[in-house]
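Residues per chain, in single letters:
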Amino acid sequence: MIRHSLEIATLLIAALVVLASCSRKTVSIPLPTPTPTPFGAAIVESSGGKQIAQAGTPLPQALVVQVNDEQGTAVPGALVEFSAAPGVAFDPPSGLTDSGGQVTTNVTLAGMAGRYQLTVSTTDKAKKKVALKIEETALGHQQTLGRQLNDQYCDRCHNPESTVERVSNYDNLEIKPHPFTEGDLLNKMSDADLTAIISHGGPALNKSALMPAWGDTLSKSDIQALISYIRAISDPRNPNAGPVYAKN
Amino acid sequence: MKEKLKSMWQTLFGDSVRAFGVVSLVFLASMAIAPAKNHFSEWRHYQHGYLKMIRNRSDAVTLQRHFQGGIQQIWLPDLGVTDRCTSCHVGLKEASLSDVSTQPFRPHPVIPHKVEQFGCTICHRGQGAATTVAEAHNSTLAWEQPILPAKYIESSCGECHREPLAGTLQLNQGRHLLSRYGCVHCHTVKMPDGRVLKATDDPPSLSHIADKTSREWIYAWLKDPEAYAATATMPNFKLSDNDARDISAFLIANSTPQPGSTAAISSKASPDPAAGASLYGESFCASCHAVQNAAGNLVGGDIGPELTRVGSKVKPEWLQAWLRNPRIYDVGTAMPHYRFNDAQVATLAGFLEAKADPDFLANVHLDAATPEQIAHGKRLVSDYGCASCHEIAGVKKPENFAPELSRIGSKPVTQLVFLPGMQRTLPDYIATKIKQPRAFGQGLKMPQYTFTPTQIDSLATALLAFNDRAATLPPSRTLAAKPESDYQPAGKAGKLMTDLACFSCHRINGHGGDMAPDLTWEGSSVQRQWLVDFLKNPNTLRPALIRRMPKFNLSDGEASELTDYIITVYQNPAVDRDSMPLGGYSQGQIELGRQLYYGKYSCQGCHIVDTKTDKGYIGPTLTSVGSRLTAAWIFQWMKNPQALRPGTVEPNRDMSDEDVRALTAFLISQKDPAKSEIAKARK
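Note that the structure is predicted; figures quoted are calculated from it, not measured.

Helix and strand counts for chain A stand at five helices and 10 strands. Out of the 248 residues belonging to chain A, those deemed buried represent 35%. Within chain A, contacts between residues at least 6 apart in sequence are counted, and of these 58% link residues at least 24 apart.

The helix and strand inventory of chain B stands at 30 helices and six strands. For a compact globule of 683 residues, the expected C-alpha radius of gyration is about 26 Å, and chain B comes in at 34 Å, more than 25% above that figure. A total of 683 residues make up chain B; the buried ones form 33% of that total. Sequence separation of at least 24 residues holds for 66% of the intrachain contacts in chain B that already meet a minimum separation of 6.

What follows deals with the domain arrangement of chain A. Residues and elements named next belong to chain A. Domain boundaries assigned for chain A yield domain 1 (42–139) and domain 2 (141–240). On a C-alpha basis, the centroid separation for the pair domain 1 and domain 2 is 30 Å. Each partner contributes residues to the interface: domain 1 has seven residues there, and domain 2 has seven residues. Looking at the side of domain 1 that touches domain 2, the elements that each hand over two or more residues are β2 (52–54) and β9 (129–139). For the side of domain 1 that touches domain 2, the class distribution of residues is three nonpolar, two polar and two charged.

With 47 residues of chain B in contact, the opposing surface of chain A contributes 46 residues. Those elements giving two or more residues to the side of chain B that touches chain A turn out to be α1 (2–13), α2 (16–39), α9 (169–180) and α20 (453–464) of chain B. With nine residues, α2(B) is the largest single contributor of residues to the side of chain B that touches chain A. By residue class, the composition of the side of chain B that touches chain A is 24 nonpolar, 13 polar and 10 charged.

Moving on to the sheet that holds strand β1 (residues 42–47) of chain A. All names here are of chain A. As summarised here, the arrangement of the four strands in space is β1-β3-β7-β5, forming an open sheet in which the pairing is antiparallel. Edge positions in the sheet fall to β1 and β5 (89–91), since each of these pairs with one other strand and no more. The average undirected angle you get between the axes of adjacent strands in this sheet is 35 degrees. Where strand β3 (residues 63–68) meets strand β7 (residues 102–108), four bridges bridge the pair, whose relative direction is antiparallel. Residue pairing in the sheet places L63 in a bridge with T105 of β7.

Once that is clear, we can look at the environment of B:I456. All names here are of chain B. Mapped onto the secondary structure, I456 falls in helix α20. Spatially, the C-alpha atom of I456 lies 6.0 Å from that of A431, the residues being 25 residues apart in sequence. In this view, I456 contacts A431, I434, K435 and F451; residues no more than four positions away in its chain are not counted.

The subject of this paragraph is helix α19 (residues 426–435) of chain B. Residues spaced three or four apart along an α-helix point in a common direction, a consequence of the helix completing one turn every 3.6 residues. Residues and elements named next belong to chain B. For α19, a buried count of seven out of 10 residues is recorded, marking the element as mostly surrounded by other parts of the structure. Buried residues of α19: L426, P427, Y429, I430, A431, K433 and I434, and no others. On the buried face of α19, the contacting elements are α20.

Moving on, we come to the domain arrangement of chain B. As assigned here, chain B comprises domain 1 (42–147), domain 2 (160–193 + 406–464), domain 3 (209–379), domain 4 (491–569) and domain 5 (587–682). Between domain 1 of chain B and domain 2 of chain B, the C-alpha centre-to-centre distance is 30 Å.

All right, on to the packing of helix α16 (residues 316–324) of chain B against helix α17 (residues 342–353) of chain B then. To describe two helices that pack against each other, one gives the angle between their axes and the distance between the axes. Residue and element names in this part refer to chain B. Across the interface, α16 lies against α17 with an axial gap of 9 Å and an inter-helix angle of 130 degrees. Between α16 and α17, the crossing angle belongs to the class labelled oblique. Handedness of the α16/α17 crossing: right-handed. Residues P316, L319, Q320, L323 and R324 of α16 lie in contact with α17, whose contacting residues are V345, L348, A349, L352 and E353. By residue class, the composition of the contact of α16 with α17 is seven nonpolar, one polar and two charged.

For a regular strand, side chains alternate in direction, first toward one face of the sheet and then toward the other. Residue and element names in this part refer to chain A. Pairing analysis gives three bridges linking strand β4 (residues 79–83) to strand β8 (residues 114–123), with the strands arranged antiparallel. Considered in β8, the bridge of F82 is made with V120. Across 10 bridges, the pairing between β8 and β9 is antiparallel. Directly across from G114, in β9, lies its bridge partner A138. Between the end of β8 and the start of β9, which pair antiparallel, lie five residues, with K127 showing a positive phi angle near 65 degrees. Summarising the sheet, β8 and strand β10 (residues 244–245) pair through two bridges and their orientation is parallel. Looking across to β10, one finds that Y116 is bridged to Y245.

Before going further, it helps to spend a moment on helix α29 (residues 657–668) of chain B. For α29(B), which comprises 12 residues, the first-to-last C-alpha distance of 16 Å matches the rise-based estimate of 16 Å (1.5 Å per residue) to within 8%. Burial in α29(B) covers these residues: B:A662, B:L663, B:T664, B:A665, B:F666, B:L667 and B:I668.

Keep in mind that most residues, glycine aside, have a negative phi and that most peptide bonds are trans. Residues and elements named next belong to chain A. Cis rather than trans, the peptide bond between D235 and P236 has omega equal to 5 degrees. Along the chain, P236 falls in the loop between α5 (220–233) and β10. Of note in the backbone geometry, K50 takes a positive phi value of approximately 50 degrees without being a glycine. Turning to its location among the elements, K50 is positioned in the loop between β1 and β2. Of note in this structure, N206 is not a glycine but carries a positive phi near 55 degrees.

The rules behind each value
- Residues numbered from 1 in each chain as written.
- Chains lettered and ligands numbered in written order.
- Predicted model: local features only at pLDDT ≥ 70, side-chain atom pairs only at ≥ 80, totals over all residues.
- Helix = DSSP H or I, 4+ residues; strand = E, 2+ residues; numbered from the N terminus.
- Buried ≥ 20, exposed ≤ 12 C-beta atoms within 10 Å, placed from the backbone.
- Contact = placed C-beta atoms within 7 Å.
- Rg over C-alpha atoms; globule rule 2.2 N^0.38 Å.
- Domains from an automatic or database assignment.
- Nonpolar A, V, L, I, M, F, W, Y, C, P; charged D, E, K, R; others polar.
- Pairing = 2+ DSSP bridges.
- Axes fitted to C-alpha atoms, helices over the stretch in contact; angles between N-to-C directions.
- Parallel < 35°, antiparallel > 145°, perpendicular 65-115°, else oblique.
- Left-handed = near helix turned anticlockwise from the far one by under 90°.
- Expected span 1.5 Å × (residues − 1).

Right, here's the structure in full:
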C-alpha cells in the first residue's frame, strides 16, 4: 500500500514539474507559396546588392534577381524564395519570375548593425536547390553618424561617382583618393593609421598633401565614427567589423 | 470505474496517518517547485550558454573576470529605471564580442550614452524588472509596453533631445515631415516645452482662386492631386465625382477678384520656346520649382510647386500678372518679385503655358453649378476641414479639427481599434493609420497621403516621441530646441529683402532657409563694389551647384541700397573689415603665400586660383577673390572657419598667424582682371 502511494506521489510531483516548466510557444503558420511551373538552373543578381542602410530600415533600392536556364536565357514563371537571418523582412518573401525572368523584392534589414547575408533560392529540374548569396550592410548609430560626416566632408573627393546634385571632385585631383569601399587596401590599415591620416592629413603617412588635416575640425568621437563607418562599408568585408548575419 | 477510484481514495487517505503522509509529500513536492523553477530559469540558462561560449575564446580570461552570475539589475530611481536586462544580455558591455552574432550575447553598439547611467528601457521600452524573455519583451496583461521595434528606436532619443540631433536621421526627417506635409494644420502637437509645432508648407489662399485657375482644374486636382503633380503635398480626399463637383462649384462661386492679380499686359505671351527656356534657366526657377523631364525624372527644388503641367492649371492673364509681381496675389509668397520687364514676362509666360498636358482635363465636363450644389460644396468644405489649411473667405478655420497628437506616443493599446491581421502594438497602429487612414472605418476624414515606407517609419518615430514621459521630464533632463527666430530686417532695405524673398533661401540671424549661404556676417566678408555688381548680375561662385542665386533685374538704386544695408548691419564683431588693407603686400609675402597654397596646405584640391592648372571645385572659385572678400575676413576665416560659419566644409588647419598672413596676401592679390583693366583705363 505504501509503495502504491509513493508511486502516485512521485507521479504527482512529476506532473507538477512538467506543468511548471511548460511555457507558451508560438506556432507560426507558413504562408502558402505559389506553385511554380518552370525551373531554372541559376540565379543572378540584377541590382540591389551591396547596399547600405540604417539598421531596421528598408534598403534604398529594391532587390532584383533573375533566374536563368542552362543556356543563360531568362526563365519566366520560376519560383524564387528570399530568406535571411531572423528580423530581415522581404516584401514579398517569394514570387514567380516575370516575363523577363526577374523577381523584385523590397528588403528591410533587421535592427542590429552588421553585414546581412540574404539567400535567394529556386529549384532546378532535378528538384535541387539553387541558391545565390547577396550581402547588404546595416549601420548602427555610430556608423550612421560617420556616414553623415562622410557625406559632409569626405564624399566629394573620395567617391568618384557624380550625381546631378553633387559633382564629384575625384577626377580633378592629381593624386587619387581611395574610395572608402576599397577594402583590399583599407583593411590593412590599422585604426591608429586611419586616425592619424584623418587628424593630421596625408603627409602624416607620407601620402598626398591634397588630403588636409581634419583634427581641428572634427572631434575625436567624430573621427571614431568615421572610421567605424569606413570599416562597416568595406568591400571585401573587414574581419573586425562585426558578424555576418545569415540564415540559421 | 467508481469502484477503482474508491479503492484509490482508500489507499491514499484510508487512515489519518497515511493521509498525513500523503499530504506532507505533496506539500514537500510543491515547496520544491520554487527552487526548481529558479534553477531552470531562463536567465540561468543564458548565463550558462554565455560561459560555454566564452570558454574557447582567446579573451576568455578577461571575459570570465567581467562576468557576474545571478540576476543583475540597473537601478536609477530618478529615471524610474529598474532594469534586469543585463541578467541575460551578459555581454552587453564587452566590445570584444563584436563578432558574436547570437543574441542575447551581442555587445551593445556604440552610442553616446552609458548603460549604467540610463539603463535599457529608457530607450528600448519593454518591462525592465522582468526576468523572462516573454515578459520583458512582449506586452503582458500586467505590462502593456512591449519592446520598441528597432526601426523606431530613435523616437526614444527624441524624448529628451528636442533639437535636431546628428545621427538620428529618421527622427529628424519625421519631425520635418510633420511640418512639411502640414499634418499639424489639423492635428495640434504641443511640444513638451509649450511650443506648438508649426507647419512649414504654405497652402495657398482660396479666396481668389477663380482669378488663378478654372473650375475644371480644381475638380481634377481634388479628385487626384498626384495626377497633376507627382510631388503634390495636397493629400487625396477620395472624393466622389459629385462631391468634387460641388466643392469646385463652391470655391469658384465663393471667390472674389483680387485687384491687380489679372491685370492685362500689353504684349501677348511669346511662343518662343528657346528664349523662354533660357530665361527660365537664367532666372534659376529650377532652384525652387521642379519639372519632370523627358525621362520622367523630376529636376529642380521643392520650395515652389512643380511646374510640369502648369499650363493646364493657370489662366494666362493671372500667370503674367504673377510673374510681374507675385506679391499682389499672395503677399506672403516665398516667390521673389523678379523685376521682369513686359517682354520678359511675355517670354516666360509663353514658356510656362506651353507646359500643358492636354489629357489632364480632357475628360472633365462640368455643367453650370446649381445653388444646391454650391451649398452642398460649402458643407463639404467645412466637413472636410479644408479651412484648416487653406484660407477660404467666409469659412472659419476650425479649431482642433483632428485629434491632438501631443501625447500620442503613450496612447493605451486598449483605446485603439486595430484592423484584422495587424499587430496589436502602438507603433504598428500609427504606421498603418498613416499608410491607409480610411481603412479604419466608414466616414473617416483623414485623407490619403502618398508616403514611402521610409517616410512612414520616420513619421511614426517622431510621433512616438510625443509621450507622457517626454512631456513630464524635468527641463534639466532635456536638451531644448533653439527657439525659431522671427528676425526681420528693418527699413527700406528690409522691405526690399522681403520683396525679393531673400529669406526663402538665405538665413540671417537664425531666420530663413538653408539653400543658400547664411548672410549673418556678410557685411564683414565682402567688398562693397563686388556686392553691388553681384546683386545686379549674380555670377556663380560654385559652378558645381545647380541651385544658384537668380538675377532679380535690380535697379542701380536698389542694388546700392541693399549693399549699404548688408555691409553696415551684418557685421561680425570679431572681424573688423577695415583692419587689413586690400593691397600693398610685399612680393615676398605673396610668393610665400603661393607656396603655402600649393604646397603645405594644398588648397588647389578644392579651390581654383589659376584656371589653367587648378581643377578643384568643392569650395568657391578664388580666381578673383581679391576683388570679392575683405582681407580681414580671409584672415579670420583661415584662422577658424567654423567660428564664422558653423558646419562649413573648409577644414580648420590650425595655421600660424605668419602662414595666414602670407596666404591672405596671396589671395588678396588675386584680383578680377576685368576690373583691374577698367581701373587702369580710368587712371
